[in-house]
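Secondary and tertiary structure notes
Here's the letter readout for the chains.
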Amino acid sequence: MKKLLLIMLVGVVALLSACGKDSNSGAATEEKKEITVGFGVGTYEEQFRQSILPILEKKGYKVNIKTFSQNMQVNPAMKEGSIDASIFQSTAYMEAINKEIGADMVGIAYVPGAPQGLYSVKHTTLDDVKDGTTVAVPNDPVNQERALRILEELGWVKIKEGAGVEDFNINSMEPDKYNIDIKILDPAQILVSLEDVDYGVVNGNYIANAGKKITDALKIENTPMQHRIIVSINKKDENTQWAKDLKAAYESPEFEEYIKGIEKYDGFILPEAWNNN
């Protein structure tokens, strides 16, 4: 009886060991070759389709592209797993959303991104500013903080001491030299609403996407690192091969050559990683 039990026990251990080897072997050799990448409104999807996508396809990836009509839809899709990566947001915006919705996203590469700028169709100079001048700024806290920093640099407003980025709002500022009338709009609507205001702070990717020049701005921000556009993924995927290949594509000489060869990207902030190419 003891001998029979011993034989049965050895058999079970051998079976479990075999299963474990098969499982581990499969986990080690199986690499994800189909990914879904999400985009908001702007030029980043075009950059991806024309340059990044061919690089990934050469490495054997099948890539699904999902475009959202509103930027606020992208990160919830990342959290629920319907997209694997996104290209549309800054580090500061991503960190704010991580806290807001309980996500765990990280940035893996910088993307050629356009700075914000102050534009106008009614004025050709900043000297026309006066009390009551209307200025449109984005409605989300991160981009609004960026926009009002531009106005602060001009001396039009003051940002209150201790004002944060993630919880920034119109009450975080006060008048400086002028009593500016701030109009809060969706970032994508400011460019098309310039006829209705004196000035508007527009995210540069909307300018480029409309076939206009970033250098036409009356004032261009000096974009800090926390506001530069990144490739973002869920932290759990940080060490996957597909994430490493996606990062490599954005830092590749091929992508650098593409961006520098397109006139519409003149004025974009270029990734420091390209210095190694």
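Above this text is the structure in question.
Procedures and definitions
- Residues numbered from 1 in each chain as written.
- Predicted model: local features only at pLDDT ≥ 70, side-chain atom pairs only at ≥ 80, totals over all residues.
- Heavy atoms only, no water.
- Helix = DSSP H or I, 4+ residues; strand = E, 2+ residues; numbered from the N terminus.
- Contact = heavy atoms within 4.5 Å.
- Areas by Shrake-Rupley, 256 points an atom, 1.4 Å probe, with all protein chains shown as cover.
- 1 Å grid on protein atoms, 1.4 Å probe; cavity = no way out; pocket = protein on both sides within 12 Å on 5 of 7 lines; lining within 4 Å.
- Points joined across faces, edges and corners; volume = space filled by probe spheres on them.
- Domains from an automatic or database assignment.
- Pairing = 2+ DSSP bridges.
- Axes fitted to C-alpha atoms, helices over the stretch in contact; angles between N-to-C directions.
- Buried < 20%, exposed > 50% of the residue type's maximum accessible area, 1.4 Å probe, protein only.
- Polar contact = N/O pair within 3.5 Å; in protein donor to acceptor, adjacent residues only side chain to side chain.
- Nonpolar A, V, L, I, M, F, W, Y, C, P; charged D, E, K, R; others polar.

Looking at the overall build of the chain
Along the backbone of the chain there are nine helices and twelve strands. Restricting to contacts in the chain with at least 6 residues of sequence separation, those with at least 24 account for 74%. About 14,300 Å² of surface is accessible on the chain, with carbon and sulfur atoms providing 50% of the total.

Things to note about the layout of surface pockets
What the largest pocket holds in volume is close to 690 Å³. Contributing to the lining of the largest pocket are 33 residues, with Asn-71, Met-72, Tyr-93, Asp-140 and Asn-143 lying nearest its centre. Going through the elements one at a time, helix 3 (74-80), strand 3 (85-90), helix 4 (91-101), helix 5 (141-154), helix 6 (187-190) and helix 7 (204-209) are the ones with two or more residues in the lining of the largest pocket. Counting residues per element, the lining of the largest pocket draws most heavily on helix 4, which supplies five residues. The two domains that each donate at least three residues to the lining of the largest pocket are domain 1 (34-113 + 228-274) and domain 2 (117-224). Reported here for the second largest pocket is a volume of approximately 170 Å³.

Thoughts on the sheet that holds strand 5 (residues 117-119)
As a general point, the strands of a sheet are linked pairwise by backbone hydrogen bonds and lie either parallel or antiparallel. If you trace the five strands from one edge of the open sheet to the other, you get 9-6-10-5-11, paired in mixed fashion. Looking at the sheet topology across the chains shown, the edges are occupied by strand 9 (181-185) and strand 11 (219-220). As paired elements, strand 6 (residues 134-138) and strand 9 share five bridges and run parallel to each other. Bridged to Thr-134 within strand 9 is Asp-181. Of the strands in this sheet, strand 5, strand 6, strand 9, strand 10 (199-202) and strand 11 touch helix 5, which is tilted by about 145° from strand 6.

Side note on the pairing of strand 3
Most of strand 3 sits inside the fold, with six of its six residues counted as buried. When strand 1 (residues 34-39) meets strand 3, the two strands line up parallel, connected through two bridges. Residue pairing for strand 3: Val-37 is matched across the bridge by Ala-85. Two elements, strand 3 and strand 12 (residues 229-234), share five bridges in a ladder whose sense is antiparallel. In the strand pairing of strand 12, Ser-86 is matched with Ser-232.

Details of the side chain of Thr-223
For Thr-223, the position within the fold is in the loop between strand 11 and strand 12. Reaching out from Thr-223, the side chain makes a polar contact with the side chain of Glu-221 at a distance of 2.9 Å. If near-sequence neighbours (up to four positions away) are discounted, Thr-223 is found in contact with Pro-115, Arg-146, Arg-228 and Ile-269.

As for empty space enclosed by the protein
In this approach, a probe sized like a water molecule rolls over the atoms, and the result shows the empty space that is left. All told, the structure shown has one cavity of 30 Å³ or more when counted by the stated rule. In this structure, the largest cavity is lined by 13 residues; those nearest its centre are Val-111, Gly-113, Arg-228, Ile-229 and Ile-269. Along the lines of polarity and charge, the residues of the lining of the largest cavity split into seven nonpolar, three polar and three charged.

As for the side chain of Asp-84
Checked against the element boundaries, Asp-84 lands in the loop between helix 3 and strand 3. Judged by relative accessible area, Asp-84 falls into the buried class, the value being 12%. A polar atom in the side chain of Asp-84 sits 2.7 Å from the side chain of Lys-32. For Asp-84, the contacting residues outside a window of four places in its chain are Lys-32, Glu-34, Ile-35, Thr-36, Met-78, Ser-232, Ile-233, Asn-234 and Trp-242.

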